[in-house]
Amino acid sequence: MPDVIADPETDPRATYAVDPARVRALTARVVASGEPLTTHTPMTGAPLATLPTATAADVAVAVDRARAAQRRWVAVPVAERARRLLTLHDLVLTRQSELLDLVQLESGKARSHAFEEVADVAIVARYYARRGPAHLADEPHLGVFPVLTRSTEHHRPKGVVGIVSPWNYPLSLAVTDALPALVAGNAVVLRPDPQGSLTALAAVDLLVEAGFPADLVQVVLGGADTGAAVVERTDYVCFTGSTATGRAVAAAAGRRLVGASLELGGKNSVYVADDADLRRAVPGVLRACFASAGQLCVSAERLLLHERVADEFLGRFLEAVSAVRLSTGLHWDADMGSLVGPAQLERVLAHVDDAVAKGATVLAGGRARPDVGPYVVEPTVLAGVTSAMACRDEETFGPVVAVHRVADDDAAVALANDTEYGLNASVWTRDTRRGRALAARIEAGTVNVNEGYAAAWGSIGSPMGGMKASGLGRRHGREGILKYTEAQNVSVQGLVNVADLPGLRGASYARALTGALRAMRAARLP
Ligand code: NAD
């Protein structure tokens, strides 16, 4: 490394490209007899790599290989499985330079936003290395007859977990959901989005280097059909993507009666209360709205400003927006990068154009910037957005935020909840009790007080995920690992059978049991 041949920002004759030998090495182990697929880098629009893709039959082969590897893996003690995550943690931090290049080249985002993904993998690896075994530990419970019945809750792996990950966080979303699945004793079949495949493959290489058996994590490449084939064959599905696709994945999993966790879209709000510390709120809200050019499931697209601070906040915020440095370079001196490709560019500009045509005002940005990159759009702030406009309720998934003024906390909560989604919210106030009270009223799976999204996202002992149309299930924390297991209740009965007490039949059995139940209640047993 670096495998990037040259950086066109510093050398105008160069094009970004990944060394074909590196692409061959990364894809050497994938099962693929489908049509090759060429991806393009959003940085310049030029071809980036040609990838081998998997047919449904290839996915079946990958699942079989994973299943065979899982049978061996489950025999490895959980402490040892977890320990390998600490090795991965160290590798990801040491080798971050290649990962950052690949994330940037595939997604178009700025390097500082790519770094969030590296940090995320390290945080998740550390957490499940340290806490995974405790979450999975056998738990004794009070038996039906205290002392005579010894009941234990076990957590058995599901088997082969299917992960279908999108393009917007190609490192985080491909890897972090796999880590708890592996610690829990599962194998993984991962279908990264084509626009994140090299990143995912490089990360899986690091998993192998960290000591995870090579066949345990199978990567299959391709688009929606490959994703659907993974959903059709695995024992549990972890999907991240849009709500529309999430519904299709849930239906397919439901037909097979396998579980699924779905991390879907959002229309997240930020509320700046009248007592907010604006020195912190302005840069915090800027990041909340424009990290990864707004292509972040938890980023904010609705800015609710208490009318008493609205003017002052907006003045400072618009100044900060106008100072955002746009770039498609592989360096650290940029605040925002590119959208992922032409479809996303079209969607974002269509939302802005529709809003303007129906009377919205552009307070900042609003234009494509082909001089910076083919899919770059300025950070955009709109006012006067109404429900006649698509961007009022639909997820834009781009750097566009609509400003709404609110009279008080009640109006802010009502507006925050006025959406089919419920993924993330952010509240800025100096009074953290007020912040917690507001959080209790907001229908969102994560609420960040005095942060945009990173406090909740990075605090991974607490689960995160979506309410309402934003998803099912949670990642992170105890829920984020137990979802990959089947709870099994093993109860060992001693001395007498439960329904066969010596000398007791019919009414006398019922009387004895009634007495026993009353005694257990009196003894405050659970
Ligand atoms: P999408 O739903 O169109 O596609 C997501 C992935 O699913 C793609 O890689 C696609 O190839 C695959 N896919 C499509 N049809 C499939 C099927 N029937 N079965 C299996 N896989 C299938 O979403 P997108 O536009 O690529 O991604 C952006 C969306 O993802 C946004 O709505 C965003 O909010 C959401 N997202 C959510 C989170 C979260 O954690 N909640 C994180 C990132 C992105």
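Residues numbered from 1 in each chain as written. Predicted model: local features only at pLDDT ≥ 70, side-chain atom pairs only at ≥ 80, totals over all residues. Heavy atoms only, no water.

Visitor: For the packing of aromatic side chains, give the residues involved together with the corresponding values.
Guide: Per the counting criterion, the structure on display carries eight aromatic pairs. Considering the side-chain rings of Tyr-127 and Tyr-128, the 4.8 Å spacing of their centres and the 80 degrees angle between planes classify their relative orientation as edge-to-face. Taking 5.9 Å as the distance between ring centres and 45 degrees as the angle between the ring planes, the aromatic pair formed by Tyr-453 and Trp-457 counts as tilted. A relative accessible area of 3% places Tyr-453 in the buried class. A connected cluster of aromatic rings, assembled from ring pairs, spans Tyr-169, Tyr-453 and Trp-457. Here Lys-109 stacks its cationic end above the ring of Tyr-169, 3.4 Å away from the centre of that ring. (Phe/Tyr/Trp six-rings, centres within 6.5 Å; stacked < 30°, edge-to-face > 60°. Buried < 20%, exposed > 50% of the residue type's maximum accessible area, 1.4 Å probe, protein only. Lys NZ or Arg CZ within 6 Å of the ring centre and 35° of its normal.)

Visitor: Can you explain the sheet that holds strand S14 (residues 400-406)? Please cite residues and give values.
Guide: Taken together, seven strands build an open sheet; the order of strands is S12-S13-S14-S11-S10-S16-S17 and the sheet is mixed. Bordering the open sheet on either side are strand S12 (361-364) and strand S17 (446-449), each of which pairs with just one other strand. Across the sheet, the mean angle separating the axes of adjacent strands is 25 degrees when strand polarity is ignored. Taken together, the five bridges between strand S11 (residues 300-306) and S14 define a ladder with parallel strand orientation. Bridge assignment links Leu-303 to a residue of S14, and that residue is Val-403. (Pairing = 2+ DSSP bridges. Helix = DSSP H or I, 4+ residues; strand = E, 2+ residues; numbered from the N terminus. Axes fitted to C-alpha atoms, helices over the stretch in contact; angles between N-to-C directions.)

Visitor: How would you explain the sheet that holds strand S7 (residues 217-219) if you had to name every residue and give the values?
Guide: As summarised here, the arrangement of the six strands in space is S7-S6-S5-S8-S9-S19, forming an open sheet in which the pairing is mixed. Bordering the open sheet on either side are S7 and strand S19 (471-472), each of which pairs with just one other strand. Two strands pair when backbone bridges link them, and strand S8 (residues 236-240) and strand S9 (residues 259-263) are joined in this way by five bridges, in the parallel orientation. In the strand pairing of S9, Cys-238 is matched with Ser-261. Helix-sheet contacts for helix H2 (residues 56-73) involve strand S5 (160-165), strand S6 (187-192) and S7, and the interaxial angle to S6 is about 150 degrees. (Contact = heavy atoms within 4.5 Å.)

Visitor: So what about the environment of Pro-370? Which residues, and what values?
Guide: In this structure, Pro-370 sits in the loop between S12 and strand S13 (380-383). Judged by its relative accessible area of 64%, Pro-370 falls in the exposed class. In this structure the C-alpha to C-alpha distance between Pro-370 and Thr-44, which are 326 residues apart in sequence, comes to 9.6 Å.

Visitor: Outline the pattern of salt bridges, listing residues and values.
Guide: What the rule picks out here adds up to 31 salt bridges. Note that Glu-80 and Arg-84 form a salt bridge whose closest N and O atoms lie 2.8 Å from each other. Placement of both Glu-80 and Arg-84 in helix H3 (residues 78-94) is noted, with a separation of four residues, approximately one turn of the helix. One salt bridge in this structure joins Glu-116 and Arg-287, with 2.9 Å as the shortest N-O distance. One end of the pair, Glu-116, is in helix H5 (residues 111-136); the other, Arg-287, is in helix H11 (residues 278-290), and 171 residues separate them in sequence. Judged by relative accessible area, Arg-287 falls into the partly exposed class, the value being 38%. (Salt bridge = Lys/Arg side-chain N within 4 Å of Asp/Glu carboxyl O.)

Visitor: Could you give me a rundown of the packing of helix H9 (residues 224-233) against helix H10 (residues 243-256), with the residues and numbers involved?
Guide: The geometry of H9 relative to H10 is characterised by a closest axis approach of 9 Å and an angle of 30 degrees between their N-to-C directions. The angle between H9 and H10 places the two elements in the roughly parallel class. The handedness of the crossing between H9 and H10 is right-handed. Within the contact between the two elements, H9 uses Val-231, Glu-232 and Arg-233 and H10 uses Val-249, Ala-252, Ala-253, Arg-255 and Arg-256. (Parallel < 35°, antiparallel > 145°, perpendicular 65-115°, else oblique. Left-handed = near helix turned anticlockwise from the far one by under 90°.)

Visitor: Give a description of the domain arrangement of the protein that names residues and reports values.
Guide: What the domain assignment reports for the protein is domain 1 (20-264 + 478-485) and domain 2 (268-463). Just the C-alpha atoms count here: the centres of domain 1 and domain 2 sit 29 Å apart. Opposite the 32 residues of domain 1 that make contact, domain 2 presents 33 residues. Both sides together, the interface formed by domain 1 and domain 2 hides about 2,500 Å², and carbon and sulfur atoms give 60% of it. Considering only the surface of domain 1 that becomes buried against domain 2, Met-43, His-113 and Trp-167 emerge as the three largest contributors, covering 21% of it. Applying the counting rule to domain 1 against domain 2 returns two salt bridges. (Domains from an automatic or database assignment. Buried area = accessible area lost by both parts, 1.4 Å probe.)

Visitor: Account for the site of the ligand, with residues named and values stated.
Guide: Not every one of the 25 residues close to the ligand is listed here, only the nearest: Arg-191, Asp-193, Ser-242, Thr-245 and Glu-395. One of the side-chain N or O atoms of Ser-242 is found 2.5 Å from an oxygen atom in the ligand. Thr-245 places a polar side-chain atom, nitrogen or oxygen, 2.7 Å from an oxygen atom of the ligand. For the shell around the ligand, the element with the most residues is H9, which contributes three residues. (Near = heavy atom within 4 Å. Polar contact = N/O pair within 3.5 Å; in protein donor to acceptor, adjacent residues only side chain to side chain.)

Visitor: With reference to specific residues and values, describe the environment of Ala-487.
Guide: Position of Ala-487 relative to the elements: it lies in strand S20 (residues 485-493). Classification of Ala-487 by relative accessible area gives exposed; the value is 60%. For the pair Ala-487 and Asp-138, spaced 349 residues apart in the sequence, the C-alpha separation amounts to 9.9 Å. Excluding residues that lie within four positions of it along the chain, Ala-487 makes contacts with His-154 and His-155.

Visitor: Tell me about the nonpolar core, and name the residues and values.
Guide: Within the largest apolar cluster, 87 residues are counted, with the highest numbers of intra-cluster contacts made by Leu-88, Val-188 and Leu-198. The leading source of residues in this core is H5, at nine residues. Apart from residues no more than four positions distant in its own chain, Leu-198 is found in contact with Val-18, Val-23, Leu-26, Leu-48, Ala-49, Leu-51, Leu-102 and Glu-106. Counting 45 residues, the second-largest nonpolar core is a separate cluster that includes Leu-278, Val-282, Ala-360 and Met-389. (Core = buried A, V, L, I, M, F, W, Y, C linked by side-chain atoms within 4.5 Å.)

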